[in-house]
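As a plain string of letters, each chain reads:
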Amino acid sequence: MKIQIYGAGMAGTFLYHLLRNDVEVRVFDKREIPDCRCAWGIEYTDAKRLYKEIGVNLDDYILLKPKYSVVNGVYLKIKNVVIFDKKRLLVDLWKDIEFDKIDADLYIDATGVARAFLPKIENDRVLPTFQTLERHEIEDNIYIYLTKTGYAWAFPLGDNKWHIGAGEFSLDNCMELIRKLRDKYGFEDKNSECKCVSAVRILQPSKCKPFVYRNTVGVGEAIGCVSGAGEGNVPALRSAKILYECIVNDKLDEYENRILKELEWIEIEQKFVDDYMKNKKISALKLLPKVISIESKRSVELSFTTFRKLIGL
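Residues numbered from 1 in each chain as written. Predicted model: local features only at pLDDT ≥ 70, side-chain atom pairs only at ≥ 80, totals over all residues. Heavy atoms only, no water.

Enquirer: I'm lost on unusual backbone geometry in this one. Help?
Expert: Excluding glycine, a negative phi dihedral is what most residues carry, and trans is how most peptide bonds are arranged. Here Lys-209 and Pro-210 are connected by a cis peptide whose omega angle stands at 0°. Tracing the sequence through the fold places Pro-210 in the loop between β13 (194-201) and β14 (212-213). Even without being a glycine, Arg-115 presents a positive backbone phi close to 45°. Here Arg-115 lies in the loop between β8 (106-109) and β9 (126-135). Judged by relative accessible area, which is 5%, Arg-115 ranks as buried. In the Ramachandran plot, Arg-214 falls in the positive-phi region, its phi being about 55° despite a non-glycine side chain. Relative to the assigned elements, Arg-214 resides in the loop between β14 and β15 (216-218). (Helix = DSSP H or I, 4+ residues; strand = E, 2+ residues; numbered from the N terminus. Buried < 20%, exposed > 50% of the residue type's maximum accessible area, 1.4 Å probe, protein only.)

Laid out in structure tokens, this is it:
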């Protein structure tokens, strides 16, 4: 079998390294080098386990292990999130990739929000994001300013470097959220070392069908594999692992159901976000215990009372 992967982000790169000893596979990406967009937080346990399967020690790329995530001034103890050097990791993995285009039997859409090779999603929800790289002498926690329609973040990278950014329904709103984050936590508006504009898909995977269209299969953010908090790194890896298993075992017909079953927690979180944004309070409250249970294992220590207070339900 010949496989062409389009997109060499988290999902496409990981999938290539899983497949390269089993099939003929090539990757195409329009970028010459990986970029540094989006914050570099990742769920440690799953990421370390998955990267071990391709011979990568995630610990070699960890920049920090923050103690707290501070959300709207409330300190939440971090359980399982680390900051990793995402760009350096991808740069190293790209060194062993064969970049080319071939006539393939199967094409993989790993193009993220672009979803360039699958049918367009009806009523898609893609939010713009803006991020800067700055220097600040502030305690190395993750800082969040949260509203109903988006949030601003400050992620420490070590050596007083910070990723400061936001995601919302418009870039103007992103800038306003960043301003409020600065006021809340004391991040001065300094000259940044770099800036980038990107986007994130905030939508339930079940609403991102089809995952498979003719001889093209989606993976990662192209099929909605992003947590309710907007973290797509581990979901990208997990979806790529599921796709790899379906390909090598000739069970591609099981792929969609496996994604929806094994990544059901994403469906739950994204449904909660959807209800929350649409002010469906009763429906959101019903999902809240499940969301708390999920994130208490994945990221931070949460209680029902604290989380409800943070989101105003």
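Enquirer: Explain the sheet that holds strand β2 (residues 24-28) to me, please; I cannot follow it from the model alone.
Expert: Strand pairing in a sheet is mediated by backbone hydrogen bonds. Such pairs are either parallel or antiparallel. With respect to topology, 5 strands assemble into an open sheet ordered β2-β1-β8-β15-β14, the strand pairing being mixed. A single partner strand is all that each edge strand has here, and the edge strands are β2 and β14. Where β14 lies against β15, 2 bridges are found, and the strand directions are antiparallel. By the bridge assignment, Val-212 is partnered in β15 with Val-217. (Pairing = 2+ DSSP bridges.)

Enquirer: What should I look at first to understand the packing of helix α1 (residues 10-19) against helix α5 (residues 233-248) in this one?
Expert: The packing of two helices is summarised by the inter-axis angle and the distance between the axes. In contact at an axis separation of 8 Å, α1 and α5 are set at 35° when each is read in the N-to-C sense. Viewed along their axes, α1 and α5 form a crossing whose handedness is right-handed. Here Met-10, Ala-11, Phe-14, Leu-15, Leu-18 and Leu-19 of α1 lie close against α5, whose contacting residues are Asn-233, Ala-236, Leu-237, Ala-240, Lys-241, Leu-243, Tyr-244, Ile-247 and Val-248. Looking at the contact of α1 with α5 residue by residue, the classes come out as 13 nonpolar, 1 polar and 1 charged. (Axes fitted to C-alpha atoms, helices over the stretch in contact; angles between N-to-C directions. Left-handed = near helix turned anticlockwise from the far one by under 90°. Contact = heavy atoms within 4.5 Å. Nonpolar A, V, L, I, M, F, W, Y, C, P; charged D, E, K, R; others polar.)

Enquirer: So what exactly am I meant to see when it comes to the state of the cysteines here?
Expert: Here, disulfide denotes a covalent bond that connects the sulfur atoms of two cysteines. Inspection of every chain in the model, using the stated rule, returns 0 disulfides. The thiol of Cys-208 is unpaired, and the distance to the nearest cysteine sulfur, on Cys-225, comes to 8.1 Å. (Disulfide = S-S within 2.5 Å.)

Enquirer: Help me understand the packing of helix α6 (residues 255-262) against helix α7 (residues 264-277) in this model?
Expert: For the pair α6 and α7, the least separation of the axes is 4 Å and the interaxial angle reads 65°. Across the interface between the two elements, Ile-259, Leu-260, Lys-261 and Glu-262 from α6 touch Glu-264, Trp-265 and Glu-267 from α7. Looking at the contact of α6 with α7 residue by residue, the class counts come to 3 nonpolar, no polar and 4 charged.

Enquirer: How should the packing of aromatic side chains be read in this particular structure?
Expert: Pairs of aromatic rings are described using the distance from one ring centre to the other and the angle between the two planes. Tallied over the entire structure, the rule returns 14 aromatic pairs. Note on Tyr-143 and Tyr-185: the rings are 5.0 Å apart at their centroids and 50° apart in plane angle, and the pair reads as tilted. Note that Tyr-143 is positioned in strand β10 (residues 142-147) and Tyr-185 in helix α4 (residues 171-185), a separation of 42 residues in sequence. Assessed through its relative accessible area of 14%, Tyr-185 is described here as buried. Relative to Phe-307, the ring of Phe-272 has its centre 6.1 Å away and its plane inclined at 35°; by these criteria the two rings are tilted. Here Phe-307 lies in helix α9 (residues 304-311) and Phe-272 lies in helix α7, a separation of 35 residues in the sequence. Phe-307 carries the same exposure label as Phe-272, and that label is buried. Taking the ring centre of Tyr-276 as reference, the NZ or CZ of Lys-148 above it sits at 5.5 Å. (Phe/Tyr/Trp six-rings, centres within 6.5 Å; stacked < 30°, edge-to-face > 60°. Lys NZ or Arg CZ within 6 Å of the ring centre and 35° of its normal.)

Enquirer: What should I look at first to understand the nonpolar core in this one?
Expert: The tendency in soluble globular proteins is for nonpolar side chains to be buried side by side. Counting 84 residues, the largest nonpolar core has Ile-3, Ile-5, Tyr-51, Ile-108, Tyr-255 and Phe-272 as the members making the most contacts within it. It is α5 that contributes the most residues to this core, 9 residues altogether. The contacts of Phe-272, once residues within four sequence positions are left out, are Ala-284, Leu-287, Leu-288, Val-291, Phe-307, Ile-311 and Leu-313. Grouped together as the second largest cluster of nonpolar side chains are 15 residues, Tyr-143, Leu-181, Tyr-185 and Phe-187 included. (Core = buried A, V, L, I, M, F, W, Y, C linked by side-chain atoms within 4.5 Å.)

Enquirer: Hey, could you run me through the pairing of β2 in this one?
Expert: Two faces, one strand: in a regular strand the side chains alternate between the faces of the sheet. As judged from the 5 bridges shared by strand β1 (residues 2-6) and β2, these two strands associate in the parallel manner. Note on β2: the bridge partner recorded for Lys-2 is Glu-24. Handedness of the crossover joining β1 and β2 through α1: right-handed. (Right-handed = clockwise from strand over helix to strand, strands pointing away.)

Enquirer: I keep staring at the environment of Arg-20 and nothing clicks. Help me out?
Expert: Within the secondary structure layout, Arg-20 lies in the loop between α1 and β2. For Arg-20, a relative accessible area of 36% corresponds to the partly exposed category. For the pair formed by Arg-20 and Ile-97, sequence separation is 77 residues and the distance between their alpha carbons is 8.9 Å. In this structure Arg-20 touches Val-25 and Asp-96, once residues within four positions along its chain are discounted.

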